[in-house]
Amino acid sequence: VNDENPTRGPAPINIAIIILNFIVFALQVFYGDQFVLRWAFTPARLTAFLSGNEGPQVFLTIFSAMFMHGGIAHILGNMLFLWIFGDNVEDQFGHGRYLAFYLICGIVATFTQYGIDPSSPIPNLGASGAIAGGRISSDAPVSAGAPLAAALPFSLAAATRPAAPSSGVNTPVV
């Protein structure tokens, strides 16, 4: 499965992100809900940190949650989109800028979810915000601000989708 847009070469960052997503999903399946509760982003934990009641490890979950998924359909759908569109975005941006852009879109999606309900105790996970940013930027003109400006509304939309059931932990799928 691929698209019709040629690239100048392989997309090692995109492939690495896909592999990392599958590794983290395997860890989720193996370790179960305790893994999800520890590594998914929980808005209430960040609020607790800001109040002095939580350790700084909550910041790691902003990144780790981007590589987690709410189920097999979630990861397969996200990785299909990333496989099809990610190589073109990496080709346009270059390897380092692509990785930075992917992470920035995921962070924007996470903080959008946080902004909606900072007291939510429900773990938030998923790569959809990062992938949505990359997907829309694959159609946007490449200039200093155009891809980011075009992608942010889609990352925000992905962050505000309703919760989806998982293997026992109520996790909004972002």
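Residues numbered from 1 in each chain as written. Predicted model: local features only at pLDDT ≥ 70, side-chain atom pairs only at ≥ 80, totals over all residues. Heavy atoms only, no water.

**Regarding the environment of F111**
Here is step 1 of the chain: Inspection of the secondary structure assignment puts F111 in helix α6 (residues 95-116).
Here is step 2 of the chain: Given the relative accessible area of 35%, F111 is considered partly exposed.
Here is step 3 of the chain: Along the backbone, F111 and P43 are 68 residues apart, and their C-alpha atoms lie at a distance of 8.7 Å.
Here is step 4 of the chain: Setting aside chain neighbours within four positions, we find F111 in contact with L46 and I62. (Helix = DSSP H or I, 4+ residues; strand = E, 2+ residues; numbered from the N terminus. Buried < 20%, exposed > 50% of the residue type's maximum accessible area, 1.4 Å probe, protein only. Contact = heavy atoms within 4.5 Å.)

**Describing the nonpolar core**
Here is step 1 of the chain: The biggest cluster of nonpolar side chains holds 23 residues, and the ones touching the most others in it are M68, L82, Y98 and Y102.
Here is step 2 of the chain: Among the secondary structure elements, those contributing two or more residues to this core are α1 (12-31), α2 (33-39), α5 (72-93), α6 and α7 (128-137).
Here is step 3 of the chain: Here this core gets five residues from one element, more than from any other, and that element is α5.
Here is step 4 of the chain: When residues no more than four places from it in sequence are discounted, the contact partners of Y102 are I17, N21, M66, F67, L82, A127, A130 and I131.
Here is step 5 of the chain: One finds F41, V58, A65 and Y114 within the second-largest nonpolar core, a separate group that totals six residues. (Core = buried A, V, L, I, M, F, W, Y, C linked by side-chain atoms within 4.5 Å.)

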